[in-house]
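In case you want the letters, here they are:
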Amino acid sequence: MKICVIGLGYIGLPTAIMFAKHGISVHGVDINSTVIENLSSGQIHIEEPGLKEMLADVLETSELEFGTHPVEADVYIIAVPTPVNEDKSPNLDYVIEATQSIVPYIKKGNLVILESTVPPRTTEDVLLPILRKSNLNVESELFVAHSPERVLPGKLLHELVNNDRIAGGINSESANKTAELYRVFVKGNIHLTDATTAEMTKCMENTYRDVNIALANELAKVCYDLDINVYDVIEMANKHPRVNIHSPGPGVGGHCLAIDPYFIYNQSPHNAKLIKLARETNDSMPKFVADIIEMLLISVKQPKIAVFGTSYKGNINDQRESPALKVIEILENKYSNLSIYDPYVTSEEIVSMEEAVKDADLIVVLTDHSEFKEMDHHYLARQMRTPLIFDTKNIIPVNKDSELQVVNFGNSFLNKYSQCISY
Ligand code: SAJ
């Protein structure tokens with residue numbers, strides 16, 4: 001059997017490697033020729049624990065090859081990005097181009113699987129009309145399914161194998177064939193359904209999380225107004241057996257939670273009001289964070305701010321839709337002395353921790369990298385001009401005796417009265 005994987009990003013690449021590791025011949029396709037050259041020599045363009053090592057293993061077995069064009073195969077897996085346009089409407093250009101690219105190669109009996117997260121009805125309304133151009137009778141001569149990826153960046157290889165999977169076919173044969181294929185490496189259950197239900201299920205999983213985070217963020221704002229420690233409220237409410245309030249933060253990033261809710265909203269805007277409001281609430285958090293920073297620094301002349309963390313979540317270098325970048329953008333418009341530190345990201349803007357904290361008046365933690373949890377507070381306090389830290393992720397313990405004053409969403413309201421922290 002041969003599988004052709006179209007799109008070698010965060011999902012396509014690990015999927016291709018995983019099939020090859022299980023002895024299936026895989027041809028990986030990406031339009032970016034530099035990516036292809038690098039992968040062929042064992043270099044990966046995404047950071048994910050264990051992935052590089054697994055690629056090195058399979059390259060040795062020659063089950064895996066890469067190219068910029070599809071080849072004839074038994075199975076085609078499409079795993080390309082599905083961004084939103086400026087107006088938040090879904091942009092399916094990559095899905096359309098990828099599907100068009102396989103039309104000249106597909107033949108009777110092939111299985112085509114769409115893994116990219118897409119708005120409900122995409123397989124039926126977008127994929128099938130393109131596949132019909134192959135002159136095959138799509139319903140009887142081709143098997144087509146949507147089997148969405150559900151893996152968490154950072155734990156990708158583990159979740160690819162152990163998570164349950166959905167196989168949504170355009171008919172039951174397609175769903176069955178898809179399940180049979182993923183059984184090669186999936187240890188979780190595989191649930192059979194139709195393609196449109198699979199699409200809605202995937203979008204709703206991420207929307208569920210986005211809406212719940214919005215509720216936590218809204219709670220943080222309300223608690224700030226009422227001078228209540230939001231973390232105490234969450235901790236105690238979550239002792240209830242049926243309550244699970246998520247964690248507030250500087251906003252929601254990544255290519256999934258910040259995007260997928262719009263796939264549902266756009267299909268039914270007059271009904272999906274809560275979904276839209278949740279997106280707006282989460283998008284309002286960078287401004288809320290920046291406002292607290294302004295309050296903390298109100299009496300400091302020409303403050304230096306050290307921003308800690310730029311990626312959208314901890315221990316990865318992925319900056320897609322990162323709320324940290326939005327906070328930085330607001331701060332850059334207000335303050336001239338900003339230094340940015342992120343142990344996972346290399347770019348011109350990023351400086352060392354030592355340089356970032358030197359004479360700083362405030363450290364703002366925007367990402368929950370493990371390194372930030374283990375910092376030497378004594379060292380930081382000595383390096384800074386004002387020993388103050390604003391922890392938007394609640395990862396740094398508040399210790400009243402520490403030389404470094406730790407402010408978070410749970411206690412930042414205390415400074416509303418003094419307007420600043422005096423030293
Ligand atoms: N976040 C909060 N508060 C929380 C939890 C998360 O502010 O309580 C923020 C994070 O800091 C981050 C964002 O939300 O900015 C998203 O992080 P995440 O860890 O919730 O999710 P992703 O985007 O990395 O991965 C999600 C996962 N979906 C679900 O958990 C339902 C993953 O399983 C999906 O495969 C992935 O989206 C995807 O590709 O769709």
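Structure first, text after, so check above.
Now for a look at the structure at hand. Being a predicted model, the structure only gives us computed values, none of them experimental.

So, the overall build of the protein chain
- A count of helical and extended segments in the protein chain gives 18 helices and 13 strands.
- A globule of 423 residues ought to have a C-alpha radius of gyration of about 22 Å, and the protein chain, at 24 Å, matches this closely.
- Dimensions along the principal axes, computed over C-alpha positions, put the protein chain at roughly 75 × 50 × 40 Å.
- Of the contacts made within the protein chain by residues no fewer than 6 positions apart, 73% connect residues no fewer than 24 positions apart.
- Within the structure as shown, the protein chain displays about 18900 Å² of accessible surface, and the carbon and sulfur contribution to it stands at 50%.
- Both charge centroids of the protein chain, one from 37 positive and one from 57 negative side chains, sit 4 Å from each other.

Structural notes on the sheet that holds strand β7 (residues 165-169)
- The mixed open sheet is built from 8 strands, whose spatial order is β3-β2-β1-β4-β5-β6-β7-β8. The open sheet has two edge strands with one neighbour each: β3 (64-67) and β8 (190-194). The sheet shows a mean angle of 25° between the axes of neighbouring strands, direction not considered.
- By the bridge criterion, 2 bridges tie strand β6 (residues 143-146) to β7 in an arrangement that is antiparallel. Within β7, the position partnered with His146 by the bridge is Gly168.

A look at a negative patch on the surface
- Together, Glu329, Glu332, Glu348 and Glu349 make up a region of like negative charge exposed at the surface.
- Position of Glu348 relative to the elements: it lies in the loop between β10 (337-341) and α15 (353-357).
- What makes Glu348 exposed here is its relative accessible area of 85%.

As for a nonpolar patch on the surface
- Among the surface-exposed residues, Val222, Leu226 and Ile228 lie close enough to one another that they form a single nonpolar patch of about 250 Å² accessible area.
- As for its position among the elements, Leu226 is in helix α9 (residues 195-226).
- Relative accessible area serves as the criterion here: at 55%, Leu226 is assigned to the exposed category.

With respect to the pairing of strand β1 (residues 2-6)
- Most of β1 sits inside the fold, with 4 of its 5 residues counted as buried.
- As judged from the 5 bridges shared by β1 and strand β2 (residues 25-29), these two strands associate in the parallel manner. Residue pairing in the sheet places Lys2 in a bridge with Ser25 of β2.
- On the question of chirality, the crossover connecting β1 to the parallel β2 by way of helix α1 (residues 12-21) is right-handed.
- By the bridge criterion, 4 bridges tie β1 to strand β4 (residues 75-78) in an arrangement that is parallel. Following the sheet pairing, Ile6 is matched in β4 by Ile78.

Some details on unusual backbone geometry
- Phi is positive for Lys88, which is not a glycine, with a value near 70°.
- Note on placement: Lys88 falls in the loop between β4 and α4 (93-102).
- The class of Lys88 is partly exposed, set by a relative accessible area of 33%.
- With phi around 55°, Glu321 is a residue other than glycine that occupies positive phi space.
- Structurally, Glu321 is set in the loop between β9 (304-308) and α14 (323-334).
- By relative accessible area, Glu321 is classed as partly exposed at 34%.

Thoughts on the site of the ligand
- Inspection of the region around the ligand gives 20 residues, with Glu149, Val151, Lys202, Arg209 and Tyr312 positioned closest.
- In this structure, an oxygen atom belonging to the ligand sits 2.5 Å away from a side-chain N or O atom of Arg209.
- Within the backbone of Gly253, one N or O atom sits 2.9 Å away from an oxygen atom of the ligand.
- Taken together, the residues that form the shell around the ligand break down as 8 nonpolar, 5 polar and 7 charged.

Concerning the packing of aromatic side chains
- Overall, the coordinates contain 9 aromatic pairs when judged by the stated rule.
- Here the aromatic rings of Tyr224 and Phe288 are separated by 5.6 Å at their centres, their planes lie at 85°, and the arrangement is edge-to-face. Linking Tyr224 in helix α9 with Phe288 in helix α13 (residues 285-296), this pair joins segments that are 64 residues apart in sequence. Of the two residues, Tyr224 and Phe288, neither departs from the other in class, the shared state being buried.
- Between Phe288 and Phe409 the ring centres are 5.7 Å apart and the planes differ by 40°, which places this aromatic pair in the tilted class. Of this pair, Phe288 sits in helix α13 while Phe409 sits in the loop between β13 (405-408) and α18 (414-418), placing them 121 residues apart in sequence.
- Note on Phe409: relative accessible area 0%, which makes it buried.
- Taken together, Tyr224, Phe288, Phe390 and Phe409 form an aromatic cluster joined through their ring pairs.
- Taking the ring centre of Tyr182 as reference, the NZ or CZ of Arg165 above it sits at 3.9 Å.
- Positioned above the aromatic ring of Tyr10 is the side chain of Arg320, whose terminal nitrogen or guanidinium carbon lies 4.0 Å from the ring centre.

Rules of the game
Residues numbered from 1 in each chain as written. Predicted model: local features only at pLDDT ≥ 70, side-chain atom pairs only at ≥ 80, totals over all residues. Heavy atoms only, no water. Helix = DSSP H or I, 4+ residues; strand = E, 2+ residues; numbered from the N terminus. Rg over C-alpha atoms; globule rule 2.2 N^0.38 Å. Contact = heavy atoms within 4.5 Å. Areas by Shrake-Rupley, 256 points an atom, 1.4 Å probe, with all protein chains shown as cover. Lys, Arg positive; Asp, Glu negative; His and termini not counted. Charge placed at Lys NZ, Arg CZ, Asp CG, Glu CD. Pairing = 2+ DSSP bridges. Axes fitted to C-alpha atoms, helices over the stretch in contact; angles between N-to-C directions. Patch = residues over 30% accessible without salt bridge, like charges linked within 9 Å, V, L, I, M, F, W, Y side chains within 5 Å. Salt bridge = Lys/Arg side-chain N within 4 Å of Asp/Glu carboxyl O. Buried < 20%, exposed > 50% of the residue type's maximum accessible area, 1.4 Å probe, protein only. Right-handed = clockwise from strand over helix to strand, strands pointing away. Near = heavy atom within 4 Å. Polar contact = N/O pair within 3.5 Å; in protein donor to acceptor, adjacent residues only side chain to side chain. Nonpolar A, V, L, I, M, F, W, Y, C, P; charged D, E, K, R; others polar. Phe/Tyr/Trp six-rings, centres within 6.5 Å; stacked < 30°, edge-to-face > 60°. Lys NZ or Arg CZ within 6 Å of the ring centre and 35° of its normal.

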